[in-house]
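Fold and contact review
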Amino acid sequence: MSSTTAFTRRGFLTTSAAVGGAIAASPLLAACGNSAGKGGASTKQGIQAVLPTFKPLANGATPDFPSVSGAGGALTNPGFLKYPTTLPKTVTGKVGSGGTYTGVAPSWNPIPPANNAYYDAVNKALGATFKPQPGNGNTYSTIIPPLIAANKLPDWLQVPGWMVSTFNIGGLVGTKLADLTPYLGGDAVLEYPNLAAIPTGGWQCGVWNNRLYGIPCHTDGMSTAGALFYRKDVLDAKGITPSVKTAADFKALGQELNDPKGGVWAFEDSRVYLYQVFGVPLGGWYLENGKVKSANDHPQLLECLDYCAQLAKAGLVHPDSLAGVSASNPSRFNAGKTLIEGGGLGAWNDGDAKSGIAAKPGYLRQAFPLFSHDGSTPTIGLTGASGWVSYLNKDLSPDQIKECLRIANYFAAPFGSYEYNLINFGVEGVHYTMSPDGPVRTADGSNTAADQIYNFFGSSQQQIYNAGYPDITKATAEWYADTVKYASPVLFRNLNITVPDQYSKVAAGTELDDAATAVARGKQPMSHFQEAVATWKSAGGDALTAWYQTNVVDKGLS
């Protein structure tokens, strides 16, 4: 089966799920995953019945920018200008009961030695022995299936969203993976305060067949497809304060900035980020008068593709970008060769600032406020809340499951807490030293306390913090606080939907994406994309649309 493309390694490394691909024929661009099988989904009523009660934590660090609620259930992530100097404890009482558990998760960092002082310190705090077994993230999709086939699953398993179908999670829930509904559903989660503080959307990503199986990690209260960015430092130097309200304004700004003779182009190819400007539904599907329709039929799609082609043919887009040449280091945007680009919100961080300043002193990235193509009220697609869900082995006893959930509650301690520091950085003076900008790893810590050792088994809602760059945090938090008012959940958001095997290829929509790219880059006429859509429909696209109507929408699941 096709799997979600919203939650990719790149999306994680930038801490933001980018659009990933085109509109994508699969709705799972915006959902949590799918797997092989006859097809189906949970019911809306069933999901509500098993979701954990959401209760914000009362004893965590106080953010400078508290979460803001918005439209469509969106909730911005808290922002911190400085690293907390006082680290509150969020876990009281006994955690573990002396049990021993193995946990397997992907890693894109050097694998630490199996036995080290960092692991020992965490296990001492847990009162249990948790044995992380990081697997190479680049080959993770080949590591887990043999374990499944041999019935040798670990006690705890992390499943990235885009690998859900590869691992056939829809077929493993209830047979190989533990049902956590009795332990976490409704008010039962309140026994684990840090888990209860995870936004509801994250938990929905762990629901299958009207039961709760998964523990969400890196939950984003306001996951979006990304934003359009500009080089604020360059525009400031030119005395330009952009006021972009429409697509025409956007193009006019590009024309003002474009200078090919000087080696500077206005735009990167940002087609997928312009979709939201034109109101093209993300996730592959939308409802019109209660009927499911493919986003490939949305009237604004052709207008968006035509607009992108106009930018390309006018010479406003960097030629390497139009040729599909990956950005080098520094990127064209960082180097000032392009001044406007689309990207995930995770690109707007301290790491980007450091690399940007290294390429050009004074570098400053800024996101455009939301705008629409015609000046009407803008919208921004609210995508899947979590692309990282961990599962417990069904062979664990009830007491072992409860112990693992207490451990997960420890792992889910929020940013700036005592527990967060321990599981992320180790012991102060041994694995890190504290600076004004937060923990700085020692040589020992760099070798052992690697990123994401424990957070893939349970983690709190994401936060906004940029060490040494409080202005970035402020700008980002303010952008989110304004944008949250316009959030609109994509169709099938946070639903695990098992699509029948016969629709695997058509759900992927690869040919459609290729055709849309060619048209948007001015290399093919619009008829090229329209012909691809017609082929897609006859090859199963219409049948898949009807399947969603009958098996999802008509059952009230959307």
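Residues numbered from 1 in each chain as written. Predicted model: local features only at pLDDT ≥ 70, side-chain atom pairs only at ≥ 80, totals over all residues. Heavy atoms only, no water.

1. Focus on the overall build of the chain
Summing up its helical and strand segments, the chain has 22 helices and 21 strands in all. A compact globule built from 558 residues should have a C-alpha radius of gyration of about 24 Å, and the chain, at 23 Å, falls within 12% of that. Overall, the C-alpha framework of the chain stretches about 65 × 55 × 40 Å when taken along its three principal axes. Taken over 558 residues, the chain has a buried fraction of 57%. (Helix = DSSP H or I, 4+ residues; strand = E, 2+ residues; numbered from the N terminus. Rg over C-alpha atoms; globule rule 2.2 N^0.38 Å. Buried < 20%, exposed > 50% of the residue type's maximum accessible area, 1.4 Å probe, protein only.)

2. Description of the packing of aromatic side chains
Inspection of the entire model under this criterion finds 34 aromatic pairs. Centre to centre, the rings of Phe130 and Trp156 are 5.5 Å apart; their planes meet at 85°, and the pair counts as edge-to-face. Of this pair, Phe130 sits in strand S4 (residues 129-136) while Trp156 sits in strand S5 (residues 156-160), and the two are 26 residues apart along the sequence. According to the relative accessible area criterion, Phe130 is buried, its value standing at 1%. (Phe/Tyr/Trp six-rings, centres within 6.5 Å; stacked < 30°, edge-to-face > 60°.)

3. Overview of the domain arrangement of the chain
Interfaces are often described in size by the accessible area the parts lose on coming together. What the domain assignment reports for the chain is domain 1 (47-223 + 385-463) and domain 2 (227-382 + 509-540). The C-alpha-based centres of domain 1 and domain 2 are spaced at 34 Å. (Domains from an automatic or database assignment.)

4. Considerations on the pattern of salt bridges
In total, this model carries 13 salt bridges according to the counting rule given. Asp513 is the salt-bridge partner of Arg271, the closest N and O atoms lying 3.0 Å from each other. Of this pair, Arg271 sits in helix H12 (residues 271-278) while Asp513 sits in helix H21 (residues 510-520), placing them 242 residues apart in sequence. Residue Arg365 pairs with Glu341 through a salt bridge whose shortest N-O separation is 3.0 Å. Of the two residues, Arg365 sits in strand S14 (residues 365-367) while Glu341 sits in strand S13 (residues 338-343), which places them 24 residues apart along the sequence. Residue class for Glu341 comes out buried when judged on its relative accessible area of 15%. (Salt bridge = Lys/Arg side-chain N within 4 Å of Asp/Glu carboxyl O.)

5. Topic: the sheet that holds S14
Taken together, four strands build an open sheet; the order of strands is S10-S13-S9-S14 and the sheet is mixed. On the outer flanks of this sheet lie strand S10 (265-267) and S14, each paired with one strand and no other. In this sheet, adjacent strand axes meet at a mean angle of 25° when their direction is disregarded. In this sheet, S14 lies alongside strand S9 (residues 227-231) in antiparallel orientation, the contact comprising three bridges. Residue Tyr230 lies in a different strand from S14, and its bridge partner there is Gln366. (Pairing = 2+ DSSP bridges. Axes fitted to C-alpha atoms, helices over the stretch in contact; angles between N-to-C directions.)

6. Comments concerning the pairing of strand S3 (residues 100-107)
With six of its eight residues buried, S3 lies for the most part within the structure. Sheet topology places S3 next to S4; eight bridges connect them, and they run parallel. Across the sheet, residue Gly103 finds its bridge partner in S4, namely Pro132. A crossover links S3 with its parallel partner S4, the connecting element being helix H3 (residues 117-126), and its sense is right-handed. Bridge count between S3 and S5: two bridges; the pairing is parallel. Its bridge partner being in S5, Gly103 is matched across the sheet by Trp156. (Right-handed = clockwise from strand over helix to strand, strands pointing away.)

7. Some remarks on helix H15 (residues 350-359)
Because an α-helix completes one turn every 3.6 residues, residues spaced three or four positions apart along the sequence face the same direction. Turning to H15, its buried residues are Asp350, Asp352, Ala353 and Gly356. Looking straight down H15, one finds that the buried residues subtend no more than 150° of arc, so they occupy a single side. Where H15 is buried, its residues meet S14 and helix H19 (470-483). (Arc of directions from axis to C-beta. Contact = heavy atoms within 4.5 Å.)

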